[in-house]
Protein chains: 2
Amino acid sequence: METIKLTGAVGGFPEFLPAQQRAADEIISIIKTQYESYGYTPLETATVEKIETLLAKGIAAKEVYGLRRLNAEDGEGDKELALRFDLTVPLARYVVQNQNELVFPFRRYQIQPVFRGERPQKGRYRQFHQADIDILGQETLPLSADAEVIACATQTLAAILPKGEEFILRINNRKLLQGLVAWAGSADIPAAIKTIDNAEKVGWPKTIEGLIQTAIAAPKAEDLAALLQASNLENLTKLGLSGEAEEGLTELQTVLSLAKTLLPPALHGNLKADLTIARGLDYYTGTVVETVVASAKELGSVCSGGRYENLTASLGKKAIPGVGLSIGLSRLLAWLLTQEPWASMPATPATVLVTCQDENLMAYYAKVAQTLRQAGIKTELHPGGQALGTQIKNGVKRGLTFAIMANDDDAKANRVQLKNLATATQSEQALETLPTALL
Amino acid sequence: METIKLTGAVGGFPEFLPAQQRAADEIISIIKTQYESYGYTPLETATVEKIETLLAKGIAAKEVYGLRRLNAEDGEGDKELALRFDLTVPLARYVVQNQNELVFPFRRYQIQPVFRGERPQKGRYRQFHQADIDILGQETLPLSADAEVIACATQTLAAILPKGEEFILRINNRKLLQGLVAWAGSADIPAAIKTIDNAEKVGWPKTIEGLIQTAIAAPKAEDLAALLQASNLENLTKLGLSGEAEEGLTELQTVLSLAKTLLPPALHGNLKADLTIARGLDYYTGTVVETVVASAKELGSVCSGGRYENLTASLGKKAIPGVGLSIGLSRLLAWLLTQEPWASMPATPATVLVTCQDENLMAYYAKVAQTLRQAGIKTELHPGGQALGTQIKNGVKRGLTFAIMANDDDAKANRVQLKNLATATQSEQALETLPTALL
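Residues numbered from 1 in each chain as written. Chains lettered and ligands numbered in written order. Predicted model: local features only at pLDDT ≥ 70, side-chain atom pairs only at ≥ 80, totals over all residues. Heavy atoms only, no water.

## Describing the overall build of chain A
1) Next: When its secondary structure is counted, chain A shows 16 helices and 16 strands.
2) Next: On the principal axes, the C-alpha backbone points of chain A span a range of 90 × 60 × 40 Å.
3) Next: Considering chain A as a whole, with its 439 residues, one finds that 59% of them fall into the buried category.
4) Next: Counting only carbon and sulfur atoms, one obtains 49% of the accessible surface of chain A, whose full area is about 17,000 Å².
5) Next: When the 44 positive and 49 negative side-chain charges of chain A are each reduced to one mean point, those points stand 2 Å apart. (Helix = DSSP H or I, 4+ residues; strand = E, 2+ residues; numbered from the N terminus. Buried < 20%, exposed > 50% of the residue type's maximum accessible area, 1.4 Å probe, protein only. Areas by Shrake-Rupley, 256 points an atom, 1.4 Å probe, with all protein chains shown as cover. Lys, Arg positive; Asp, Glu negative; His and termini not counted. Charge placed at Lys NZ, Arg CZ, Asp CG, Glu CD.)

As structure tokens, this is what we get:
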């Protein structure tokens, strides 16, 4: 898997070159359009949270960056502040803070950087962007919300991934997984789920050993492993499950079916039940999702999340159940920007370069540029001080489509020489009709 | 002057409610379109810089926020990092770092938050957004670049301010100002310029006193004050200035004239020579600009900047001259969002709400929502769990245009009831023709 080479002021804080930034911006713009087509509204929270807010969600594991005012007297100065490490804790705090202004169910998307003070290493960032959607209810939130975030994320990924790229949203349900582990006879359900969560890393023989260590009988552990790997919901129905497992199975079937109804048929194949997905020991309580892109498996899950019973529990308010998915944008972009069309993005938004071969004619060049911009054509005006050949060579390098030249005679005649930089063909154009020639 | 009430996790770190965030996003999108029409390319730098990079530009005055890893062993952990306090220092560092990849002249825009650890107070933020454009040369950059950033900023402000709002870009030249102060006989030119910079705050009688203290003779100080206030370039020409003052005058006249050529005639009146503008003792060396909005004078200058001889001097590389302007976005938005059309922004991007009056029909509602989205109509699907009346009332509250209802009979007949929430009229529509009815 190819990834782009990234620079930056500091290791782990990546930055793009101009063409890459333009591609990233366009990808983000497509994500926004998809999120908004489902009615998700944009939210940006402050970069900073109070440490006590972050603490409530387990600061120790997250390598939080605290702040300090460099000019402060000793002991003084904003030491209660820290940088957000995800977009979920700020959402919880925002919702509690603004609950009288917000209308529930509340849908928001948030595309912002988060910060973690980890040791920099390949593919691990200390600043990285996430693109989250969440839908929140008050007290209750029907299961249709789970189907909605899955459908929305599926359409979003289809819109930004290269045409024909295979990607699968692997969908499971924590109640079902817990129920199955209990059905198999495990005496330590969290340990068994943690073991299953690691199966992809360590392989199934080791996973079966791990399951046996949670007091599942060996043959039952084999059965369970086979069931999980097959992920055939029809077979599960035949098992005659009950209680939590049955509830989870019904939920999973409902979510899958409804998500497909929300999607055009061409995307139905991108959703798969996958009983091996657990999403660690996180706070998910029902639906859980991970997403694999076939050509970029090394990225891990590029879109993950699930259902949680109460977003704001740690903030001590009434229950706000929700379901959300998060696209790991920075990681995904590092690969996506090596793929077409993104890899060939021009380094400038302009399509036309008005060259400056004679600084005495700058007023004429300015008039040409103004005429083009007025017609809605993005236009660079060269400020002068460079040889014409260099101006054009640099224009080609940055992916401009047209160069416009004019000498004294052209200026007097209100005309220009128009060069198509792709075909190297050149023609004379009256300034009056130039915008039409370019549109 | 009215401003919006802002909340946020922490004082000085403002956040928007959904409708405000949507308005802010739309304003930013208009700014980007204008910046890009001049060929400025987007840049985002990392939130973090090395303290030594920031130090080079005078950290003490800027109340920089340093970082610390909360989990770090004592004395260890990323203490060399700090949050950026403007967008100019990161630009300088980025340009030096990537100079072999960038093509000069290099135009970039950057719309990102910056951070200053100041005591929070009304109208003073600790996190605020700037929207900067800069154009950078290598070794040289002709004066046409100054005219370009001024024209670009003028069109941008005209596009985001309320229709008919009066705003003036007040343009001066530091060489002219220095030359005039020298012509008047000042023995301390920096002190005299600092005095003039304060004139708006303290009034002209006090300013004249201040000028006299820099060893300008009293009658000459009166003459100088009158010249500056009149800001009539024709009168200056008659003075027979020489040296630096004359050079500055010619520059100012050229910049004004060229900027007007770059603008549609309706915006020529938004540019004014104003000899009282100094931009403090900052690093500007030629053109300087401040901008006043007539209905919101209390905001101070909403768009400021100028020409600098060497962006990267403190980083010890070859000269990178440039000229740039910065829109103080957060401050401007606090007022702009109280103005139409921004004050009436709906709190959701969707125009249509598909209601859920019967959760058993959710698959049908999902099909309706999918049909609308497929036709490019932004659609909210209510997840259920709320009375139909509440669903519609909340839809009206958030500014949705249409509500769609369907009962069992409707679902069987593949039709819906369509309610226009503005006119409260209702009609029955076949699902097949529904998108056409809404477009």
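## Overview of the packing of aromatic side chains
Two measures describe an aromatic ring pair: the distance that separates the ring centres and the angle between the ring planes.
1) Next: Taken as a whole and judged by the stated rule, the model has 8 aromatic pairs over all chains.
2) Next: An angle of 35° between the planes, with centres 6.4 Å apart, marks the rings of Phe13 of chain B and Tyr65 of chain B as tilted. Linking Phe13 of chain B in the segment before helix H1 (18-37) with Tyr65 of chain B in strand S3 (residues 65-69), this pair joins segments that are 52 residues apart in sequence. In this structure, Phe13 of chain B and Tyr65 of chain B share a single accessibility class: buried.
3) Next: Between Tyr35 of chain B and Tyr109 of chain B the ring centres are 5.7 Å apart and the planes differ by 55°, which places this aromatic pair in the tilted class. With Tyr35 of chain B in helix H1 and Tyr109 of chain B in strand S5 (residues 106-115), this pair connects stretches of sequence that are 74 residues apart. An identical accessibility class is assigned to Tyr35 of chain B and Tyr109 of chain B; each is buried.
4) Next: These aromatic residues form a ring-pair network of at least three members: Tyr283, Tyr284 and Tyr308 of chain A.
5) Next: Note that Arg107 of chain A overlies the ring of Tyr40 of chain A, its terminal NZ or CZ placed 5.8 Å from the centroid.
6) Next: We note Lys220 of chain B situated over the ring of Trp183 of chain B; from NZ or CZ to the ring centre the distance is 4.1 Å. (Phe/Tyr/Trp six-rings, centres within 6.5 Å; stacked < 30°, edge-to-face > 60°. Lys NZ or Arg CZ within 6 Å of the ring centre and 35° of its normal.)

## Details of the sheet that holds strand S10 (residues 303-308) of chain A
All names here are of chain A.
1) Next: With mixed pairing, 8 strands are arranged side by side in an open sheet as S1-S5-S6-S11-S10-S9-S7-S8. Where the open sheet ends on each side, the last strands, each with one partner, are strand S1 (41-42) and strand S8 (271-273).
2) Next: Pairing of strand S7 (residues 167-173) with S8 involves 3 bridges; the strand directions are parallel. Bridging across to S8, Leu169 finds its partner in Leu271. (Pairing = 2+ DSSP bridges.)

## Observations concerning the domain arrangement of chain A
Interface size is commonly expressed as the accessible surface area that is lost when the partners come together.
1) Next: Along its sequence, chain A is organised into domain 1 (18-343) and domain 2 (352-438).
2) Next: Here the C-alpha centroids of domain 1 of chain A and domain 2 of chain A sit 50 Å apart. (Domains from an automatic or database assignment.)

## Regarding the side chain of Thr355 of chain A
Residue and element names in this part refer to chain A.
1) Next: You can see Thr355 is positioned in the loop between strand S12 (352-354) and helix H13 (362-374).
2) Next: Residue classification places Thr355 among the buried positions, given a relative accessible area of 0%.
3) Next: Looking at Thr355, its side chain comes within polar contact range of the main-chain oxygen of Ile404, at 2.7 Å. (Polar contact = N/O pair within 3.5 Å; in protein donor to acceptor, adjacent residues only side chain to side chain.)

## Quick look at helix H3 (residues 88-97) of chain A
1) Next: By the criterion of burial, H3 of chain A is predominantly enclosed, with 9 of the 10 residues buried.
2) Next: Within H3 of chain A, the full set of buried residues consists of Thr88, Val89, Pro90, Leu91, Ala92, Arg93, Tyr94, Val95 and Val96 of chain A.

## Some details on the relation of the copies chain A and chain B
Mapping between the two chain copies consists of a rotation about an axis together with a translation along that axis.
1) Next: Mapping chain A onto chain B leaves a residual RMSD of 0.1 Å; the transformation is a rotation of 180° accompanied by 0.0 Å of translation along its axis. Accordingly, the operation relating the two chain copies is best matched by a two-fold axis. Identified as the residue of chain A closest to the rotation axis by C-alpha distance is Leu67 of chain A, at 2.4 Å.
2) Next: In this assembly the copies share their binding face: 100% of the residues contributing to the interface of chain A also contribute to that of chain B. (Least-squares fit on C-alpha atoms with pLDDT ≥ 70 in both. Contact = heavy atoms within 4.5 Å.)

## A look at the interface of chain A and chain B
1) Next: With 100 residues of chain A at the contact, the number on the chain B side is 100 residues.
2) Next: Summed over both partners, the interface of chain A with chain B buries about 8,100 Å², with 55% contributed by carbon and sulfur atoms.
3) Next: Applying the counting rule to chain A against chain B returns 10 salt bridges.
4) Next: Among the salt bridges present, the one from Arg126 of chain A reaches Asp78 of chain B, with a minimum N-O distance of 2.9 Å.
5) Next: No other element matches H13 of chain A, which puts 8 residues into the side of chain A that touches chain B.
6) Next: In terms of residue class, the side of chain A that touches chain B is built from 47 nonpolar, 28 polar and 25 charged.
7) Next: Where strand S3 (residues 65-69) of chain A meets S3 of chain B, 5 bridges bridge the pair, whose relative direction is antiparallel. Residue pairing across strands places Arg69 of chain A opposite Tyr65 of chain B, the latter belonging to S3 of chain B. (Buried area = accessible area lost by both parts, 1.4 Å probe. Salt bridge = Lys/Arg side-chain N within 4 Å of Asp/Glu carboxyl O. Nonpolar A, V, L, I, M, F, W, Y, C, P; charged D, E, K, R; others polar.)

## So, the pattern of salt bridges
1) Next: According to the stated counting rule, one finds 36 salt bridges over all chains in the structure shown.
2) Next: Across the pair Glu63 of chain B and Arg69 of chain A runs a salt bridge whose closest N-O atoms are separated by 3.3 Å. Taken together, the residues Glu63 of chain B in the loop between helix H2 (51-55) and S3 and Arg69 of chain A in strand S3 connect one chain to another.
3) Next: The class for Glu63 of chain B is buried, based on a relative accessible area of 19%.
4) Next: Several salt bridges converge on common partners, so that one network encompasses Arg107 and Glu148 of chain A together with Glu380 and Arg398 of chain B.

## Let's talk about the sheet that holds strand S11 (residues 322-328) of chain B
All names here are of chain B.
1) Next: Taken in spatial order, the 8 strands line up as S1-S5-S6-S11-S10-S9-S7-S8 in an open sheet, and their pairing is mixed. Each having just a single partner strand, strand S1 (41-42) and strand S8 (271-273) make up the two edges of the open sheet.
2) Next: Each of S5, strand S6 (127-136), strand S9 (284-293) and S11 is contacted by helix H12 (residues 329-336), which is oriented at about 35° to S11, the strand it contacts most. (Axes fitted to C-alpha atoms, helices over the stretch in contact; angles between N-to-C directions.)

## Notes on the pairing of S3 of chain B
1) Next: The buried fraction of S3 of chain B is high, at 5 of 5 residues.
2) Next: What you see with S3 of chain B is no split at all: Tyr65, Leu67 and Arg69 of chain B on one side and Gly66 and Arg68 of chain B on the other are buried throughout.

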